[in-house]
Amino acid sequence: MEADALAGGPADDAGTVAWRAQLARPPRASTAGPVGVPGDLAELADRYRVLVDLSTDAACVHEGGVLTYANRAALDLLGARSAAEVVGRSVTDFVVVDHDRVAEPGSGVAAVVKRVDGSKFVVETLSVRTGDVVQVLIRDAGAATALKSQAAVVSHVSDAIVATTLDGVVTSWNPAAETVYGWPAGEAVGRPAREVLGADLDPGEVRRAGGVVRQTHHHRGGAALLIRVSAAEMNDGYVLVCADETARRRAEQHYRTVVAALDEGVLVVGPDGLIESVNPAASRILGAAPEDLIGVPCTTLVLFDESGHRIPEDELPSISTRRTGIPQNGLVLRLRRPDGRDVWVSLTSRLLNTEDPAGVSVVTSFTDITERRAISARLAHDATHDPLTRLANRTLVLDRLDRRGRTKPTTVLFLDLDKFKVINDSLGHSVGDQVLRIVGERLRRATASTDVVGRFGGDEFVVVTRATTGEAEVRALAGHLRSVLAEPISVHGRELHVDASIGIVLVGPGDQRSAEDLLRDADVAMYQAKALGRGRYEFFDVALRERMQRRLRMEQDLRNAVHSGQLWPAYQPVVDLHSGEMVGVEALLRWTHPKHGAISPGEFIPLAEESELINELGKLVLRDTTREVAQQRAASGLDLSLKVNLSVRQLEDPQLVPAVRDALATTGLPPGALCLEVTESALMRDETAAGEVLAALRSLGVLLAIDDFGTGYSSLAQLRRLTLDTLKIDRSFITGIAESRDAAAIVASIIAMAHAVGLTVVAEGVESAEELSLLRELGCDQAQGYHLGRPVPAAELFGR
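Each value, and the rule that gives it
- Residues numbered from 1 in each chain as written.
- Predicted model: local features only at pLDDT ≥ 70, side-chain atom pairs only at ≥ 80, totals over all residues.
- Heavy atoms only, no water.
- Core = buried A, V, L, I, M, F, W, Y, C linked by side-chain atoms within 4.5 Å.
- Buried < 20%, exposed > 50% of the residue type's maximum accessible area, 1.4 Å probe, protein only.
- Helix = DSSP H or I, 4+ residues; strand = E, 2+ residues; numbered from the N terminus.
- Contact = heavy atoms within 4.5 Å.
- 1 Å grid on protein atoms, 1.4 Å probe; cavity = no way out; pocket = protein on both sides within 12 Å on 5 of 7 lines; lining within 4 Å.
- Points joined across faces, edges and corners; volume = space filled by probe spheres on them.
- Nonpolar A, V, L, I, M, F, W, Y, C, P; charged D, E, K, R; others polar.
- Phe/Tyr/Trp six-rings, centres within 6.5 Å; stacked < 30°, edge-to-face > 60°.

Caption draft 1: Examining the nonpolar core more closely. Counting residues in each nonpolar core, the largest one holds 73 residues, and the members touching the most others are Val660, Leu674 and Leu697. Element by element, the count of residues in this core is highest for helix 23 (residues 614-636), at 7 residues. Apart from residues lying up to four places away in sequence, Val660 is in contact with Leu622, Leu674, Leu676, Leu697, Leu700 and Val702. If you look at the next biggest cluster of nonpolar residues, it comprises 31 residues, including Val435, Val463, Ile489 and Leu496.

Printed below as a string of structure tokens:
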């Protein structure tokens, strides 16, 4: 059949015959040389026809716009089954663009061609005109473009693409391969693949392994490369795609190492809710091996919120984050481990890839804060509790009072232990601390479990109760607390006794006082209980608050008065009952307030003693009076003695003896002209300590007197051990002595006993001539009182 086609026999179709006819036409005259004979031209035409018929490029001929020939490749391109579907039809049936351009001689243009079935595609055309005949070569532009695109892709992809022969010799080496392996294409092509890849590679084995393997290759410089190799087979070899995963896999290894080293637990929960990965810290915190966690639903984790409620499965952080895409940050949760132990964690849950929320994998990280939370709880407890007794401190009591609500009654009891300082000073602070612990425990046991029992420091305690609010009930509670505290306390073999003064505030519904106000008022009531004799309780009222507020204002005014000249000494004469002469003066401090006028010593002296201003006042009186009396002695020649009172606080002041020494040295007053008077109760408070201070004063040469004798519980024998010089009988024994034989008998006995131990006796508060006369008869040595002279300034007393 092929022979017939070549000869132009029956195999020729209409198009071929027409084309042969065109080719058989005599050519135009040419200057190139002799023209072949017609036989030669026919032979040449036959050869050319065979070449065109068998060409893989589409070729066609048209004359006057009508197709006269199309080779097999053209028929295939146009989707025709035979030449009859094409030949004889207009070019415009197949070429969408202007066909005249297709016919331009030597032109190479792009055209849109329509197949027989109507589909369109782009072609590249090359046309040659011979007379009226136009020969056209057609190439599918899409295929050409695809090849160019593939070549561009191969040149620009980041993966190394290597083509090899069947026996492993490199035939193609793209730019990415040069970058990855360090071999220029000119040196790589023609070399064995194992040499330029730095590894043995059998593409056939790769194909049999599924087409993709991971290997370690080597750069030309020797560096190891982690490569993912894909292999495809061609007719004459293989194509290898080598993806350099070195950086990514190194980053992944670093990530795994870092995650494995974290103290923070990390879980990855997949879209199906199953745990996909667990780091060692997560395994440790959860108390389960990784193999017991991976593949397990995250809902098996048991979590509780801070209030103790179990978190429902659909509200677990990882599930909530997967459902909403919203991160859960810093949640404080309690996690129950399989062994039953609870751990507190700070947990964060977020999408693993925020740029792909559809992936819905969730990473959950958590830190074990059990110890930190316990420390915080201890710190919070320590911040609100007294370290010695473990009772609530002032901060917690105030907080509970602030949160008490205003609709229910409340009672506040403020307790202060009486004479606790004596225990501390005499037995030491360790004993005192033990007493305070026992007192705190007794108060705790004596109150309801809902009551707040607190210690404010020192020996002050507070009870806040809602269980006892009626006045009668509160009185019973206060009495019960005092009786509980009064039970003997045994510490280190010693049996001790304590009592308490209690201030009480009843808080009714709607009371708008703040917590600070309530404690202040309870404190005021407690001080009132102490002022009325200790070992009792007092209820607060508004008048009491006003008195205490005045007291506080007066205390501040007294501090200012020390430095503003409002305080001054008055002198009361002391008369010798045998001669009737003034032999001494008692210095008495007076205060002239700029607003309130004269303030009674009975009001401001106790203020000074409580606030420890008494030491400063004592030094002021000592300095001013010794100077004035020394001046009067020098000016008048009188042998006057100066009597100055010392308080309990002054006896406890380590600067007392130096202050007396300095006053005597500065003013020149003879030590024997100064008599320091101490109350009987002050001496009996701590006889040993008082004896040491009096002995130190005696060593200066001053005289010592016991004031207000008869108001305490001392005996003359005890007083004798203190080496005193003078005894002053309290005015309570002198008042009415002329009308009372019993009073006269008592005074006579005191005088006789005092004389028996060599003490000079002074009677205080002599108000009448009868009292003075009787004292003289009873043998009293000296006397003072309004009958003999009132306290007056020095200028008035000494007449200057």
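Caption draft 2: Main features of empty space enclosed by the protein. This model, assessed by the stated rule, comprises 4 cavities of 30 Å³ or more. By volume, the largest cavity is sized at about 140 Å³. The set of elements that each furnish at least two residues to the lining of the largest cavity consists of strand 1 (58-63), strand 2 (66-70), helix 4 (72-78), strand 3 (108-114) and strand 5 (133-140). For the lining of the largest cavity, a count of residues per class yields 14 nonpolar, 2 polar and no charged. Here the second largest cavity is characterised by a volume of approximately 100 Å³. Lining the second largest cavity, in full, are Leu267, Val269, Cys298, Leu301, Leu303, Leu316, Pro317, Ser318, Leu347 and Thr364. Going through the elements one at a time, strand 11 (265-269) and helix 14 (317-324) are the ones with two or more residues in the lining of the second largest cavity. Taken together, the residues of the lining of the second largest cavity break down into 8 nonpolar, 2 polar and no charged.

Caption draft 3: Region of the structure containing the packing of aromatic side chains. Scanning the entire structure with this criterion turns up 5 aromatic pairs. Taking 6.3 Å as the distance between ring centres and 55° as the angle between the ring planes, the aromatic pair formed by Tyr571 and Phe798 counts as tilted. Highlighted residues: Tyr571 in strand 24 (residues 567-576) and Phe798 in helix 32 (residues 794-798), separated in sequence by 227 residues. Look at Phe798 and you get buried, because its relative accessible area is 18%. Considering the side-chain rings of Trp591 and Phe604, the 5.7 Å spacing of their centres and the 90° angle between planes classify their relative orientation as edge-to-face. Residue Trp591 is located in strand 25 (residues 582-593), and its partner Phe604 is located in helix 22 (residues 601-611); the two are separated by 13 residues in the primary sequence. One exposure class covers both Trp591 and Phe604, and it is buried.

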